[in-house]
Amino acid sequence: MILFLKAFILLFLAAWCWLGLWMVLSYERLFGYHPDDPAESSGARSLNVTQVSIVWVGVFGMALYFLFR
């Protein structure tokens, strides 16, 4: 059972890394200037990037913790 869980965590980490790579490659589309919302400031956009980055790093860290625990 433990090996099954660790294999699942490894698969999850691989998918999570691909998601992170996709977010980096499509940065402008996800976090760039929005023509529909011209009032959005650059500070608001950087806060969005910060929040997404912190969640990504946090989940990655928790998965690594449970993988090596």
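Since the structure is predicted, the reported quantities are computational estimates derived from the model, not experimental observations. (Residues numbered from 1 in each chain as written. Predicted model: local features only at pLDDT ≥ 70, side-chain atom pairs only at ≥ 80, totals over all residues. Heavy atoms only, no water.)

Details of a nonpolar patch on the surface
Basically, it comes down to this: For patches, a residue must show more than 30% relative accessible area and have no salt bridge; joins then use 9 Å for like charges and 5 Å for nonpolar side chains, namely Val, Leu, Ile, Met, Phe, Trp and Tyr. Method for areas: the Shrake-Rupley scheme with a 1.4 Å probe, in which residue coverage is limited to the protein chains shown. Note on definitions: salt bridges are taken to be side-chain nitrogens of Lys or Arg within 4 Å of carboxyl oxygens of Asp or Glu. Secondary structure elements are taken from DSSP: a helix is a run of H or I of four residues or more, a strand is a run of E of two residues or more, and numbering for both begins at the N terminus.
On the surface, Met1, Ile2, Phe4 and Leu5 cluster together into a nonpolar patch covering about 490 Å² of accessible area. By the secondary structure assignment, leucine 5 is in helix α1 (residues 2-25).

Description of α1
What counts here: Here the expected span of a helix is defined as 1.5 Å times the quantity of residues minus one. Note on classification: 1.4 Å probe, protein chains only; a residue is buried when its accessible area is under 20% of the maximum for its type, exposed when over 50%, partly exposed between these limits. For this analysis, residues touch if any pair of their heavy atoms sits within 4.5 Å.
If you check α1, its first and last C-alpha atoms are 35 Å apart, about what 24 residues at 1.5 Å a residue would give, namely 34 Å. Among all positions in α1, only Ile9, Leu13, Trp16, Gly20 and Met23 are buried. Looking at the buried side of α1, the elements it contacts are α2 (27-31) and α3 (42-68).

Side note on the packing of α1 against α3
Under the convention used in this document: Every angle, taken between N-to-C directions, lies between 0 and 180 degrees, and every axis is a line fitted to C-alpha atoms, over only the stretch in contact when it is a helix. Each angle gets one of four labels, with under 35 degrees taken as roughly parallel, over 145 as roughly antiparallel, 65 to 115 as roughly perpendicular, and the rest as oblique. The handedness criterion is simple: a crossing whose near helix is rotated anticlockwise from the far helix by less than a right angle is left-handed, and one whose near helix is rotated clockwise is right-handed. Under the scheme applied, nonpolar residues are Ala, Val, Leu, Ile, Met, Phe, Trp, Tyr, Cys and Pro; charged residues are Asp, Glu, Lys and Arg; polar residues are all the others, including Gly.
Direction vectors running N to C along α1 and α3 enclose 160°, while the axes themselves pass 10 Å from each other. Here α1 is positioned roughly antiparallel relative to α3, judged by the angle of their axes. Of the two possible hands of crossing, α1 and α3 adopt the one that is left-handed. Together, Lys6, Ile9, Leu10, Phe12, Leu13, Trp16, Cys17, Gly20 and Met23 of α1 and Val52, Val55, Trp56, Val59, Phe60, Ala63, Leu64, Phe66, Leu67 and Phe68 of α3 make up the contact between the two elements. Residue classes in the contact of α1 with α3 are distributed as 17 nonpolar, 1 polar and 1 charged.

Here's the deal with the packing of aromatic side chains
So the rule is basically this: Each aromatic pair joins two rings of Phe, Tyr and Trp (for Trp, the six-membered one) with centres within 6.5 Å, and gets the label stacked for planes under 30 degrees apart, edge-to-face for over 60, and tilted for any other angle.
Counting across every chain of the model gives 5 aromatic pairs. For the ring pair phenylalanine 12 and tryptophan 16, a centre distance of 5.5 Å and an interplane angle of 25° mean the geometry is stacked. In this pair, phenylalanine 12 and tryptophan 16 both sit in helix α1, 4 residues apart, roughly one turn of the helix. Judged by relative accessible area, which is 32%, phenylalanine 12 ranks as partly exposed. Tryptophan 16 gets classed as buried once you look at its relative accessible area, which sits at 16%. Plain terms: the ring middles of tyrosine 27 and phenylalanine 31 are 5.7 Å apart, the flat faces sit at 45° to each other, and that makes the pair tilted.

Some thoughts on α3
Taking 1.5 Å of rise per residue, the 27 residues of α3 would be expected to cover 39 Å, and the 39 Å separating its terminal C-alpha atoms lies within 8% of that figure. Regarding α3, the residues found buried are Arg45, Ala63 and Leu67. Of the surrounding secondary structure, the elements contacted by the buried residues of α3 are α1 and α2.

Just geometry here; none of it tells us what the structure is for.
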